[in-house]
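Observations on the three-dimensional arrangement
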Amino acid sequence: MDLQEWAKENIEFVGNSNTNKSSRQGRIPEIIVDHISEGTMSSMISWFTSQDNKVSSAHFGVSKAGKIYQFVAIEDCAWANGLTSGIENATAELVLKKGKSENPNWYSVSIEHEGVWAETKGVLTPEQLKATKMLHKYIIEYVKDKYGHKIEPSRETIIGHSEIDKTQRPNCWGTVPVSGDNRLFN
Ligand SMILES: [Zn+2]
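Calculation notes
Residues numbered from 1 in each chain as written. Predicted model: local features only at pLDDT ≥ 70, side-chain atom pairs only at ≥ 80, totals over all residues. Heavy atoms only, no water. 1 Å grid on protein atoms, 1.4 Å probe; cavity = no way out; pocket = protein on both sides within 12 Å on 5 of 7 lines; lining within 4 Å. Points joined across faces, edges and corners; volume = space filled by probe spheres on them. Helix = DSSP H or I, 4+ residues; strand = E, 2+ residues; numbered from the N terminus. Nonpolar A, V, L, I, M, F, W, Y, C, P; charged D, E, K, R; others polar. Donors = N, O, S within 2.8 Å, 3.2 Å for Na, K, Ca; no water. Buried < 20%, exposed > 50% of the residue type's maximum accessible area, 1.4 Å probe, protein only.

To continue, consider the layout of surface pockets. Once rolled over the atoms, a probe with the size of a water molecule shows which space is left empty. One number sums up the size of the largest pocket: a volume of about 630 Å³. Around the largest pocket sit 26 residues that line it, and S56, A80, E112, H161 and R169 are the ones nearest its centre. Of all the secondary structure elements, the ones that give two or more residues to the lining of the largest pocket are β2 (31-36) and α2 (41-48). Among the elements that take part in the lining of the largest pocket, α2 stands out by supplying four residues, more than any other. Per-class residue counts for the lining of the largest pocket are 10 nonpolar, 12 polar and four charged.

Written as structure tokens, this is what we have:
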């Protein structure tokens, strides 16, 4: 399937002027970071478009029903994986290699998934899994077209938030990130 056509039909842009974003500072997307939202899809949408939110955002959100929402353009930096300290504790190799001076938001694309870790441990509904797999493919193609950089899908390039920030976000995506059992890229 043509992924551009798929995106037109399946991704709804809902970000607004309140949605937090900033410049990538010249960096290009090199990793995809998966998250669990700890709430419902409607609470995610209202929080990422709220004027009261001065702290966070993500590029995409995937609902349990498999609907995909976009809040921030891939060209922009979303506020999902920032760290003020503790990057030396990251378990993702690429993040460790880049080190303290590189904000992970500058070189990542972030996907939130509707769900509550205590209830699901990060396991997605079948509809959600299908949608996010397509979304990962779309992001990879988009980045290749836009920046000429191929994100080779692997455990190093598709990671859970906890692999960047295991201290403050130990459960974000799940105890075993979904990428860990290859579900997203086989
Ligand atoms: Zn997270």
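Before going further, it helps to examine the coordination of the zinc ion. Looking at the zinc ion, one finds its protein donor set to be H35 (ND1), H161 (ND1) and C172 (SG), positioned 2.0 to 2.2 Å from the metal centre. Sequence spacing among the residues donating to the zinc ion works out to H-x125-H-x10-C. Note that H161 is positioned in the segment after β6 (158-160) and C172 in the segment after β6, a separation of 11 residues in sequence. Exposure remark for H161: the relative accessible area of 4% places this residue in the buried category. Judged by relative accessible area, which is 8%, C172 ranks as buried.

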